[in-house]
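Given next are the chains, with one letter for each unit.
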Amino acid sequence: MKTHIELKNDSQICQMRKAGLAVAAIHEAIADALRPGVTTKDMDDVAASVLEAHGARSNFLGYYGYPAHICVSVNEEIVHGIPGSRVLEPGDIVSFDCGAVIDGWHGDACFTAVLPGGDQDRHAQREELSARTREAMWRGIAALATGSRVGDVGRAIDDYVESLEEPVPGIVEEYVGHGIGTAMHMDPDVPNYRTRSRGEKLCPGMVLCVEPMLTAGNQENVTREDEWTVVTLDGSDACHWEHEVAIHEGGIWVLTARDGGMAGLAPFGITPVPLNED
Ligand code: MF3
Ligand code: CO
């Protein structure tokens with residue numbers, strides 16, 4: 001299969017950083033407003049106002065007819081949950097997948113939060129699932145610096161998940177990371193699991209989204225009748241973390257992380273290399 005990968009020069013990567021920082025700002029504003037009692041639509045409104053303040057538009061709104069600015073997926077919902085009147089409750093595990101377009105350049109990232117309260121054991125299990133998914137994401141991102149092929153990302157994530165103690169989470173296979181740039185979803189695919197093919201060679205100019213989705217139980221999933229919301233078949237909890245990462249001559253740079261990935265990559269002995277933003 002022939003893939004065409006859009007390579008960015010340093011100044012285009014700096015343009016993409018603007019969209020990345022808008023996404024980071026949406027995450028910060030949602031984390032700030034998030035509490036039991038808010039609706040998922042309230043969080044969509046927060047995202048819409050941050051987008052407006054940044055002179056950005058949502059890349060999700062209208063994407064194949066998608067009806068909101070962000071995706072909010074609660075508990076057994078894995079991905080593509082549509083914000084609405086649902087009230088978030090103590091102990092819910094919720095992912096916020098957010099995007100922004102500025103001057104034609106796309107940003108895309110997702111974080112998960114566990115709301116305070118609820119059953120203590122369940123809360124701890126959900127925090128663990130989120131911590132593990134986040135760790136899987138950073139291992140995948142680290143592989144962009146230490147590896148040589150796109151497939152090294154999925155191998156790093158898969159190796160990590162397999163090394164975990166029971167209950168070993170499931171890795172969702174139907175949804176994968178992707179290239180990003182002048183469109184939200186571009187070549188290449190970035191699977192979160194080990195694949196037979198090693199994938200494309202990693203090279204400067206690539207910007208890739210690394211976005212593992214893990215499940216507390218089996219990874220099998222179905223799409224609800226709204227034709228968007230993907231849920232676990234067994235009803236187990238799910239979690240999703242995502243960052244967007246540029247590879248350039250000097251190193252890697254996490255465009256959707258305010259610190260460029262400094263804290264997340266430190267445990268792997270990797271220092272992200274920002275480009276000059278002016
Ligand atoms: N942001 C998602 C991703 O990580 C895609 C959202 S699709 C939409 O790839 F239709 F919901 F916008
Ligand atoms: Co994405």
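This text gives an overview of the structure that appears in the document. (Residues numbered from 1 in each chain as written. Chains lettered and ligands numbered in written order. Predicted model: local features only at pLDDT ≥ 70, side-chain atom pairs only at ≥ 80, totals over all residues. Heavy atoms only, no water.)

As for the packing of helix 1 (residues 10-33) against helix 2 (residues 40-53)
- Running from N to C, helix 1 and helix 2 point in directions that differ by 140 degrees, and their axes come no closer than 9 Å. With respect to helix 2, the axis of helix 1 lies oblique. As for how helix 1 packs across helix 2, the hand of that crossing is right-handed. Of the residues in helix 2, those in contact with Ala22, Ala25, Ile26, Ala29, Ile30 and Ala33 of helix 1 are Met43, Val46, Ala47, Val50 and Leu51. (Axes fitted to C-alpha atoms, helices over the stretch in contact; angles between N-to-C directions. Helix = DSSP H or I, 4+ residues; strand = E, 2+ residues; numbered from the N terminus. Parallel < 35°, antiparallel > 145°, perpendicular 65-115°, else oblique. Left-handed = near helix turned anticlockwise from the far one by under 90°. Contact = heavy atoms within 4.5 Å.)

Some remarks on the site of ligand 1
- Near ligand 1 you find Phe60, Tyr63, Tyr66, Cys71, His80, Asp97, Asp108, His178, His185, Glu211, Trp228 and Glu242, and these make up its full shell.
- At 3.0 Å, a side-chain N or O of aspartate 108 approaches a nitrogen atom of ligand 1.
- Contact distances for ligand 1 include 3.1 Å between an oxygen atom and a side-chain N or O atom of histidine 178.
- With the chains in place, 97% of the 340 Å² that ligand 1 exposes on its own is no longer accessible.
- In terms of residue class, the shell around ligand 1 is made up of 5 nonpolar, 3 polar and 4 charged. (Near = heavy atom within 4 Å. Polar contact = N/O pair within 3.5 Å; in protein donor to acceptor, adjacent residues only side chain to side chain. Areas by Shrake-Rupley, 256 points an atom, 1.4 Å probe, with all protein chains shown as cover. Nonpolar A, V, L, I, M, F, W, Y, C, P; charged D, E, K, R; others polar.)

A look at the coordination of the cobalt ion (ligand 2)
- Protein coordination of the cobalt ion (ligand 2) is provided by Asp108 (OD), His178 (NE2), Glu211 (OE) and Glu242 (OE), with donor distances spanning 2.1 to 2.3 Å.
- Every donor counted, the 6 donor atoms about the cobalt ion (ligand 2) form angles of 52 to 174 degrees at the centre, which fits irregular coordination.
- Mapped onto the polypeptide sequence, the residues donating to the cobalt ion (ligand 2) form the spacing pattern D-x69-H-x32-E-x30-E. A residue pair is termed long-range when its members are at least 10 positions apart, and histidine 178 in strand 6 (residues 177-179) and glutamate 242 in the loop between strand 12 (238-240) and strand 13 (243-248) qualify at 64 residues.
- Overall, glutamate 242 belongs to the buried group, its relative accessible area being 0%. (Donors = N, O, S within 2.8 Å, 3.2 Å for Na, K, Ca; no water. Tetrahedral: all angles 85-135°; square planar, octahedral: opposite > 155°, others 65-115°. Buried < 20%, exposed > 50% of the residue type's maximum accessible area, 1.4 Å probe, protein only.)

Focus: a negative patch on the surface
- A contiguous patch of negative charge, built from Glu173, Glu174, Glu220 and Asp234, is present on the exposed surface.
- Secondary-structure assignment places glutamate 174 in the loop between strand 5 (170-171) and strand 6. (Patch = residues over 30% accessible without salt bridge, like charges linked within 9 Å, V, L, I, M, F, W, Y side chains within 5 Å. Salt bridge = Lys/Arg side-chain N within 4 Å of Asp/Glu carboxyl O. Lys, Arg positive; Asp, Glu negative; His and termini not counted. Charge placed at Lys NZ, Arg CZ, Asp CG, Glu CD.)

A look at the nonpolar core
- Core analysis: the biggest nonpolar cluster contains 59 residues, and Ile30, Leu34, Leu88, Phe96, Ile141, Leu144 and Leu265 have the highest contact counts within it.
- Considering every element that reaches this core, the biggest residue donor is helix 3 (residues 120-146), with 7 residues.
- Beyond its immediate sequence surroundings of up to four residues, phenylalanine 96 is in contact with His27, Ile30, Leu34, Met43, Ile70, Cys71, Val72, Leu88, Ala109, Cys110 and Phe111.
- Membership of the second largest hydrophobic core comes to 11 residues, among which are Met16, Ile180, Val207 and Leu275. (Core = buried A, V, L, I, M, F, W, Y, C linked by side-chain atoms within 4.5 Å.)

Considering the sheet that holds strand 2 (residues 77-79)
- As summarised here, the arrangement of the 3 strands in space is 2-11-10, forming an open sheet in which the pairing is antiparallel. For this open sheet the edge positions go to strand 2 and strand 10 (221-223), each flanked by a neighbour on one side alone. Between one strand axis and the next, the sheet turns by 40 degrees as a mean value, whatever way the strands run.
- Across 2 bridges, the pairing between strand 2 and strand 11 (residues 230-232) is antiparallel. What sits directly across from glutamate 77, in strand 11, is valine 231. (Pairing = 2+ DSSP bridges.)

Points about the side chain of glutamate 77
- Counting through the fold element by element, glutamate 77 comes out in strand 2.
- Classification of glutamate 77 as buried rests on a relative accessible area of 6%.
- Here the side chain of glutamate 77 touches arginine 86 through a polar contact of 3.3 Å, side chain to side chain.
- In contact with glutamate 77, other than residues within four places in its own chain, are Val72, Arg86, Arg224, Thr229, Val230, Val231 and Ala238.

Here's the deal with the side chain of glutamate 6
- Looking at where glutamate 6 falls in the secondary structure, it is placed in the segment before helix 1.
- In this structure glutamate 6 comes out as buried when scored by relative accessible area, which is 18%.
- Polar contacts involving the side chain of glutamate 6 include one to the side chain of threonine 182, which spans 2.5 Å.
- Beyond its immediate stretch of four places on either side in the chain, glutamate 6 contacts Trp105, Gly181, Thr182, Met186 and Gly205.

A few points about the pattern of salt bridges
- Counted under the stated rule, the structure contains 12 salt bridges.
- In this structure, aspartate 237 and arginine 126 form a salt bridge, with 2.8 Å as the shortest nitrogen-oxygen distance. Here the residue aspartate 237 occupies a position in the loop between strand 11 and strand 12, and arginine 126 occupies one in helix 3, the gap between them amounting to 111 residues.
- Owing to a relative accessible area of 6%, arginine 126 belongs among the buried residues under this scheme.
- Of the charged contacts in the structure, one is a salt bridge between aspartate 152 and arginine 155, with a shortest N-O distance of 2.8 Å. Note that aspartate 152 and arginine 155 are positioned in helix 4 (residues 151-163) at a spacing of 3 residues, about one turn of the helix.
- Since its relative accessible area comes to 7%, aspartate 152 is described here as buried.
- One network of salt bridges, in which partners are shared, links Glu76, Glu77, Arg86 and Arg224.

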